[in-house]
Amino acid sequence: MRRLIFLILLLGSLVGYAQNNTPTYTWRMHLPYNSVRQIVEADQKLFILADVGIYEFGLKSGEAEFLTKVNGFSESNVVSMGYSSEFNTLVIAYKSGDIDLLKGNSIINLPGIKRSTIFGSKDIYEVYIYNQYAYLSTAFGIVVIDLVAEEIIDDYQNLGLGGVPIAVNSLAIFNEIIYIGTNEGIKYAPGFDNNVNLKNFSSWETINQYDSAVCITDYNNKLYFVSDSILYSFDGLDYSTVESGVKKGYKNLNVCHGKLVVCRYEGIAVITESGSIEEYGEVAMSSAILDFQNNLWFGGFYRGLMKKDEFGQISYFTPQGPFASTTYDMEGQGNSLWVTSGGYTPAFAPTYNSYGYYRYEDGNWFNRNTSDPLAGGMRDFTALHVPKDKNETWLGSFGSGLLKLENGKPVERYTNSNSALKVSVGTNEVALGMAYDNQNNLWVSNYETDRSLAVMRPNGDWVDFNVGTKRLGEMVVDERDQIWILVPRTSGNGILVAKEFQNGSLRTRFLGTSKNGGGLPSNNVKAIVQDKDGEIWVGTESGIAVFYNPSLVFEGGANADAQQIIIDDGEDIGYLLGSEVVNDIKIDGGNRKWVATNNGAWLIKEDGSEVVLHLTEVNSPLPSNVINCIGIIPNTGEVFFGTTNGIASFRSDATEAQDLHKNSLVFPNPVHPEYDGPITITGLPEDATVKIADVAGRVVYELVAVGGTAVWNGLNFDGKKPQTGVYLIFSANKDDEDSLVSKLLIVR
């Protein structure tokens, strides 16, 4: 059992509210909160289970507080929750089987189910509170938690006929008898008789006609449940249908302040103690409750949280966040980050993902406008291209063509009707990659077409080329205007390199795994990027390789091949990430490589000689080890990770830099006595020298910027904290031609 103090962690995560001044080495979560799967009322607040995570909503303040791994919670993928008002405890169940108890400001972790050797699924379907116990309905049976002892005290498994494993869909206790819903019917047994062994399947009676019962709830001396889409009640003797036995899309039943709230697809209803049913409307919702003031709170799939008061007035609440948890690509631009949500199936077919794209800037998320005439109907957004010297953003798609945005707004959509893009994969235009060259030509890969490489000239004219393969993917254009393009789903090649001559013809070369033929670790190339030294870094399903001499690519030979990097970590010698599936590579302001894999995120030293960080869901707040993509905001150095369970970000210590000082900033400033974190200086020239001195001119520390940022640990050369006073920060570029003096106040 692990106990954390939630309040301390929460305060620690909120130090430095200004978005550009987020403390270095701190984390933030960016989860979608516009869906509602479950609502639980606590004292003067609600707990909302959204698409992935949980947030707390103050009924008086109207403010949201997020409960994430950054604040000390164990995981991100929450599946169910329950609340005990008597013991002020929220029970949080995760997809993995892990459990957290939130008791006031303390988080208690109960990893027993997650760590168990149970064969098969550990899914938790419901949390039912009875006195001091929480009963979990799971894929393998029942688990009982003592909320006072803060531990798992019992479990009942193999309750199926003959003692076979069986899932428990739902559970409630009525007249001290435990009723459970299974695919064999409703099973029941005395819950508190010491002479009854609840672990023995024969102790449980079965009512066969109500198979796969769900939403089992005790209310007003009756047991309610749903079977075969019909709502029933049981008074201890007889079973009766409710709502005339009409089949409906029941989602859940909640007892709220003496009433039973019934949430169904057809609308929300409330059953009173007299048995009357009052309709509230609001179709297609997933969860609903009545609060202590008789307000109806409800929500559904991408509908947000809503409140209907006693006068019928509706209010809407949706916390900030990306529209969905899915990610395909990320690219930074200035102070912002662009994210696409789409993709394609493993067989390269459309997923029909309609979540669009998201943009993050200064703490706010902006999602695609679904009513936009250009972008609103597009699906499966894939690759991004954000030119550094243009206020443009280009978004490819798997089936909706190519979209151009200016100043964040869609201005043109290119399809087969107004460009050289041709239909493929049925009747759809697929644009999997795009990039500008130095002549302002926009190159586009038009997947699965005969002339799969297209280019739009600066004057708007289009030309297309037959390059010997129909299958082209993401691309990068190097400083010599050579176009490096992934060749997906092709066993013999991994990359195509193309170079346009002045007469408009192309020179091409395919690269594969053979010696003198490319030297790739694998032909399944998933990522490609050019670093600040002009080298081409490639990510494959078998690690990383680097083209150190891209200018020689058409000459061929060993010097033109990709090279794998051999590293020695003191315990083993091998290829850099040689056993990892690399999904994405991004370059930060210090020319270091951030690598997305199926085994977490890696920070690699600029020359690949050392692994600086390996971040996983165990040693960091990452929601998942499977990282689809990475994006870096240039001006702040904040690194975003798109995982299978949503987005998280980490304030790194490297930003993009120029030759001179620009908008230099020292934070936090002043440094208060309780602060024990790093002190960051941004807006520096590239690789600037930084010296910290007291007012007498004595240098207390010296360091070199990574890109445009220097991070001081707050200690002097002796490893001690400097005394209270004003300190001068001297910084200069590499040539000592541009210098700056900043001031920092330290209070001890």
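Chemist: Teacher, can you tell me more about the overall build of the protein chain here?
Modeler: A tally of helices and strands in the protein chain yields two helices and 66 strands. Computed over the C-alpha atoms, the radius of gyration of the protein chain is 29 Å, within 12% of the 27 Å expected from 2.2 N^0.38 for a compact globule of 748 residues. Overall, the C-alpha framework of the protein chain stretches about 90 × 70 × 55 Å when taken along its three principal axes. Burial analysis of the protein chain (748 residues in total) assigns 55% to the buried set. Counting only contacts in the protein chain whose residues sit at least 6 apart along the sequence, the fraction spanning at least 24 positions is 47%. For the protein chain, the distance from the average position of its 57 positive side-chain charges to the average position of its 88 negative side-chain charges is 3 Å.

Chemist: Explanation requested: the pattern of salt bridges in the structure shown.
Modeler: When the charged atoms of two side chains lie near each other, side chains of opposite charge can form a pair. Following the criterion strictly, the structure yields 29 salt bridges and no others. For Arg451, the salt bridge identified is with Asp464, shortest N-O distance 2.7 Å. Here the residue Arg451 occupies a position in the loop between strand E41 (442–446) and strand E42 (453–456), and Asp464 occupies one in strand E43 (residues 462–465), the gap between them amounting to 13 residues. Judged by its relative accessible area of 17%, Asp464 falls in the buried class. Bridged by salt links that share partners, the residues Glu243, Lys248, Arg264 and Glu279 form one connected network.

Chemist: Is there a simple way to think about a nonpolar patch on the surface in this case?
Modeler: Residues Ile566, Ile573 and Tyr575 make up a contiguous nonpolar surface patch of roughly 350 Å² in combined accessible area. Relative to the helices and strands, Ile566 resides in strand E51 (residues 566–568).

Chemist: I keep staring at the pairing of strand E63 (residues 699–704) and nothing clicks. Help me out?
Modeler: Put simply, side chains in a regular strand alternate between the two faces of the sheet. Here strand E62 (residues 689–694) pairs with E63 via five bridges, running antiparallel. Pairing of Val690 across the sheet is with Leu703, part of E63.

Chemist: Whenever I open this one, the packing of aromatic side chains confuses me. Can you help?
Modeler: Aromatic ring pairs are described here by two measures, namely the spacing of the ring centres and the angle between the planes. Considering all chains together, one arrives at 47 aromatic pairs under this definition. A centroid spacing of 6.0 Å and a plane angle of 75° characterise the contact between Phe225 and Tyr239, whose relative ring orientation is edge-to-face. Remark: Tyr239 occurs in strand E22 (residues 239–241) and Phe225 occurs in strand E20 (residues 222–227); sequence separation between them is 14 residues. The class for Phe225 is buried, based on a relative accessible area of 0%.

Chemist: Help me understand the sheet that holds E63 in this model?
Modeler: The strands making up a sheet associate through backbone hydrogen bonding, with each pair oriented either parallel or antiparallel. Strands sit in the order E63-E62-E65-E66 across an open sheet of four strands; the sheet is antiparallel. Unpaired on one side and paired on the other, E63 and strand E66 (739–746) mark the two borders of the sheet. Sheet twist, expressed as the average angle between the axes of neighbouring strands with direction ignored, equals 20°.

Chemist: Would you take a moment to explain the layout of surface pockets for this structure?
Modeler: Rolled over the atoms, a probe sized like a water molecule indicates the empty space that remains. A volume near 1400 Å³ is recorded for the second largest pocket. Counting only elements with at least two residues in the lining of the second largest pocket, the list comes to strand E3 (38–42), strand E7 (78–84), strand E11 (124–130), strand E15 (170–174), strand E19 (214–219), strand E23 (250–256) and strand E27 (287–290).

Chemist: Explanation requested: the state of the cysteines in the structure shown.
Modeler: One covalent bond between the sulfur atoms of two cysteine residues makes up a disulfide. Across all of its chains, the model carries zero disulfides by this definition. With no disulfide of its own, Cys215 lies 9.3 Å from the sulfur of Cys263, the closest cysteine sulfur. Taking the relative accessible area as the measure of exposure, Cys215 reaches 7% and is therefore buried.

Chemist: Please clarify how the environment of Ile230 should be interpreted in this entry.
Modeler: Its location among the elements puts Ile230 in strand E21 (residues 230–234). Measuring from C-alpha to C-alpha, the distance between Ile230 and Val699 comes to 78 Å, with 469 residues separating the pair along the chain.

Chemist: Just to check I follow, could you spell out the side chain of Ser419 for this structure?
Modeler: Inspection of the secondary structure assignment puts Ser419 in the loop between strand E38 (409–414) and strand E39 (423–424). When its relative accessible area of 16% is taken as the criterion, Ser419 is described as buried. Within the local environment of Ser419, its side chain forms a polar contact with the backbone oxygen of Thr415, the two atoms lying 2.6 Å apart. Setting aside its immediate chain neighbours within four residues, Ser419 contacts Tyr414 and Trp462.

Chemist: What should I look at first to understand a negative patch on the surface in this one?
Modeler: A surface patch of negative charge is lined by Asp533, Glu606, Asp607, Glu610 and Asp687. Mapped onto the secondary structure, Glu610 falls in the loop between strand E55 (600–604) and strand E56 (611–615).

Chemist: What exactly am I supposed to notice about the side chain of Ser227 here?
Modeler: Here Ser227 lies in strand E20. The exposure class of Ser227 is buried, given its relative accessible area of 3%. A distance of 3.2 Å separates a polar atom in the side chain of Ser227 from the backbone oxygen of Asp211. Excluding anything up to four places from it in sequence, Ser227 contacts Gln209, Tyr210, Asp211 and Tyr232.

Chemist: What is the right way to read the environment of Leu384 from this model?
Modeler: Along the chain, the position of Leu384 falls in strand E35 (residues 381–385). The spacing of Leu384 and Glu331 is 53 residues in sequence and 6.7 Å in space, taken between C-alpha atoms. Discounting chain neighbours no more than four positions away, the residues touching Leu384 are Asp329, Met330, Glu331, Trp338, Val339, Thr340, Thr393, Trp394, Leu395 and Met434.

Chemist: I tried to follow the sheet that holds E27 on my own but got confused; where do I start?
Modeler: With respect to topology, four strands assemble into an open sheet ordered E27-E28-E29-E30, the strand pairing being antiparallel. Each edge of the open sheet carries a strand with a single partner, namely E27 and strand E30 (314–317). Adjacent strand axes in the sheet meet at a mean angle of 20° when their direction is disregarded. Judged from the four bridges that link them, E27 and strand E28 (residues 296–300) form a sheet pairing that is antiparallel. Bridge pairing in E28 links Ala288 to Phe298.

Chemist: Help me out: how do you make sense of the pairing of strand E29 (residues 304–308) in this one?
Modeler: Across the five residues of E29, four count as buried, placing the element largely inside the fold. For E28 and E29, the ladder comprises five bridges, and the chain directions are antiparallel. Residue pairing for E29: Gly300 is matched across the bridge by Gly304. The turn linking E28 back onto E29 is made up of three residues, and Tyr302 within it adopts a positive phi angle of 55°. Here E29 runs beside E30; their pairing, made up of four bridges, is antiparallel. Pairing of Lys308 across the sheet is with Ile314, part of E30.

Chemist: Can you help me understand the environment of Glu278 in this one?
Modeler: Inspection of the secondary structure puts Glu278 in strand E26 (residues 277–281). Taking relative accessible area as the criterion, Glu278 reaches 41% and is therefore assigned partly exposed. Separated by 237 residues in the primary sequence, Glu278 and Lys515 place their C-alpha atoms 75 Å from one another. Beyond its immediate sequence surroundings of up to four residues, Glu278 is in contact with Ile268, Ala269 and Val270.

Rules used in this analysis
- Residues numbered from 1 in each chain as written.
- Predicted model: local features only at pLDDT ≥ 70, side-chain atom pairs only at ≥ 80, totals over all residues.
- Heavy atoms only, no water.
- Helix = DSSP H or I, 4+ residues; strand = E, 2+ residues; numbered from the N terminus.
- Rg over C-alpha atoms; globule rule 2.2 N^0.38 Å.
- Buried < 20%, exposed > 50% of the residue type's maximum accessible area, 1.4 Å probe, protein only.
- Contact = heavy atoms within 4.5 Å.
- Lys, Arg positive; Asp, Glu negative; His and termini not counted.
- Charge placed at Lys NZ, Arg CZ, Asp CG, Glu CD.
- Salt bridge = Lys/Arg side-chain N within 4 Å of Asp/Glu carboxyl O.
- Patch = residues over 30% accessible without salt bridge, like charges linked within 9 Å, V, L, I, M, F, W, Y side chains within 5 Å.
- Areas by Shrake-Rupley, 256 points an atom, 1.4 Å probe, with all protein chains shown as cover.
- Pairing = 2+ DSSP bridges.
- Phe/Tyr/Trp six-rings, centres within 6.5 Å; stacked < 30°, edge-to-face > 60°.
- Axes fitted to C-alpha atoms, helices over the stretch in contact; angles between N-to-C directions.
- 1 Å grid on protein atoms, 1.4 Å probe; cavity = no way out; pocket = protein on both sides within 12 Å on 5 of 7 lines; lining within 4 Å.
- Points joined across faces, edges and corners; volume = space filled by probe spheres on them.
- Disulfide = S-S within 2.5 Å.
- Polar contact = N/O pair within 3.5 Å; in protein donor to acceptor, adjacent residues only side chain to side chain.

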